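An overview of the molecular structure
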Amino acid sequence: MAGPRMTVVAALQIATGVQIERILAFEDEIRGAGLVVLPEAVLGGYPGGTPFPEYFHAAVTVPGPETTELAELAARTGATLVVGVIERDGSTLYSTVVFLDPESGLVAKHRKLVPTARERLFWGRGDGSTLPAIPTAAGLAGAAICWENHMPLLRAAMYAKGVEIWCAPTADDRDVWQASMRHIADEGRCFVVSACPYETSGDDPFRGGHDVVQLVVPGQHLSGHYARPDVFALTVDERPRNGVTFLK
């Protein structure tokens, strides 16, 4: 009798603001993994010293040429890719995570709900319409970006969707971040993969920095009877919040 099938998940930790070619260069390392998580803002970069017009034009469209190349990389390697990008939509930038499936290409995106501190000078806010839970070879995957992971109601919503692989692209490299990731793994009874930007000096980015892969035996969590739904209730509005609505 065959044993259980092993699925590999990984965090590819590279610097933010790289060109797409930098990600494509890791094709051999990505091949064989079921799911690979990259940091927040890998494409487009984290806001800093770059003049805003330059930063704005460095952002990517979703879908766009960069997501097409990432989809082709996913197809060649067989890995689902979860990639942090700076998305440009009209005149607004978003910190976004895109999900690239080996067979279906770009299948979903999640926009960060609340930018933090100076991020609010550069990024808009997402809405409830981009809170996906995506089937992958490793399990049902969802994402929360950086300090979104500190939003209890967002976590409860994703737990209720049945997320098994919790992807946490981030720019936070503090020790307490790892404690937060371990808490989510325990609270949500899920596998957690967090990827932080990491500069290398010839080292393997899969092994450096602050990746957290916490393995937890599935069990009861906050979306079941342990949440006391007879006492507490959470309503999630997943309608898109467009600035203009045309009525005909």
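Residues numbered from 1 in each chain as written. Predicted model: local features only at pLDDT ≥ 70, side-chain atom pairs only at ≥ 80, totals over all residues. Heavy atoms only, no water.

The next point concerns the overall build of the protein. Each helix and strand in the protein was counted, giving 6 helices and 10 strands. Scored against the burial criterion, the 248 residues of the protein give a buried share of 48%. Across the protein, every contact between residues at least 6 apart in sequence was considered, and the portion connecting residues at least 24 apart equals 69%. (Helix = DSSP H or I, 4+ residues; strand = E, 2+ residues; numbered from the N terminus. Buried < 20%, exposed > 50% of the residue type's maximum accessible area, 1.4 Å probe, protein only. Contact = heavy atoms within 4.5 Å.)

Attention shifts here to the sheet that holds strand β1 (residues 9–11). Across the sheet, 5 strands lie side by side as β1-β2-β3-β4-β5; this open sheet has mixed pairing. Either end of the sheet is taken by a strand with one partner, and the two such strands are β1 and β5 (105–111). The average undirected angle you get between the axes of adjacent strands in this sheet is 30°. Judged from the 3 bridges that link them, β1 and strand β2 (residues 35–37) form a sheet pairing that is parallel. Across the sheet, residue alanine 10 finds its bridge partner in β2, namely valine 36. The sheet strands contacting helix α4 (residues 65–77) are β3 (80–89), β4 (92–101) and β5, and the helix crosses β4 at an angle near 20°. (Pairing = 2+ DSSP bridges. Axes fitted to C-alpha atoms, helices over the stretch in contact; angles between N-to-C directions.)

Taken as a class, soluble globular proteins show a tendency for nonpolar side chains to be buried jointly. In terms of nonpolar packing, the biggest core is built from 27 residues, with Ile23, Val36 and Leu81 touching the most fellow members. Sorting the residues of this core by element identifies α1 (20–24), α4, β3 and β4 as the ones contributing at least two each. In terms of residues, this core owes the most to one element, α4, which gives 4 residues. For leucine 81, the contacting residues outside a window of four places in its chain are Ile30, Val36, Leu70, Leu73, Ala74, Val98, Phe99 and Leu100. Counting residues in each nonpolar core, the second largest holds 16 residues, with Ala11, Ile134, Ala143 and Val193 among its members. (Core = buried A, V, L, I, M, F, W, Y, C linked by side-chain atoms within 4.5 Å.)

Here the focus is the layout of surface pockets. Rolled over the atoms, a probe with the dimensions of a water molecule shows which regions are left empty. Put simply, the largest pocket is a space of about 370 Å³. Taken together, 17 residues form the lining of the largest pocket, with Ala156, Leu222, Ala227, Ala233 and Leu234 sitting closest to its centre. Taken together, 18 residues make up the lining of the second largest pocket; nearest its centre are Gly17, Val18, Gln19, Gly44 and Ala58. Among the elements that line the lining of the second largest pocket, the one with the most residues is helix α3 (residues 52–58), at 4 residues. Residues of the lining of the second largest pocket, tallied by class, amount to 9 nonpolar, 7 polar and 2 charged. (1 Å grid on protein atoms, 1.4 Å probe; cavity = no way out; pocket = protein on both sides within 12 Å on 5 of 7 lines; lining within 4 Å. Points joined across faces, edges and corners; volume = space filled by probe spheres on them. Nonpolar A, V, L, I, M, F, W, Y, C, P; charged D, E, K, R; others polar.)

Between its first and last C-alpha atoms helix α6 (residues 175–188) spans 21 Å; for 14 residues at 1.5 Å apiece the expected length is 20 Å, and the two agree. Where α6 is concerned, the buried positions are Trp177, Gln178, Ser180, Met181, Ile184, Ala185, Glu187 and Gly188. Just beyond α6, the residue with positive phi is arginine 189, at close to 50°. (Expected span 1.5 Å × (residues − 1).)

The subject of this paragraph is a nonpolar patch on the surface. A cluster of nonpolar side chains, contributed by Leu153, Leu234 and Val236, occupies part of the molecular surface with about 260 Å² of accessible area. Locating leucine 153 in the fold gives a position in helix α5 (residues 152–160). (Patch = residues over 30% accessible without salt bridge, like charges linked within 9 Å, V, L, I, M, F, W, Y side chains within 5 Å. Areas by Shrake-Rupley, 256 points an atom, 1.4 Å probe, with all protein chains shown as cover. Salt bridge = Lys/Arg side-chain N within 4 Å of Asp/Glu carboxyl O.)

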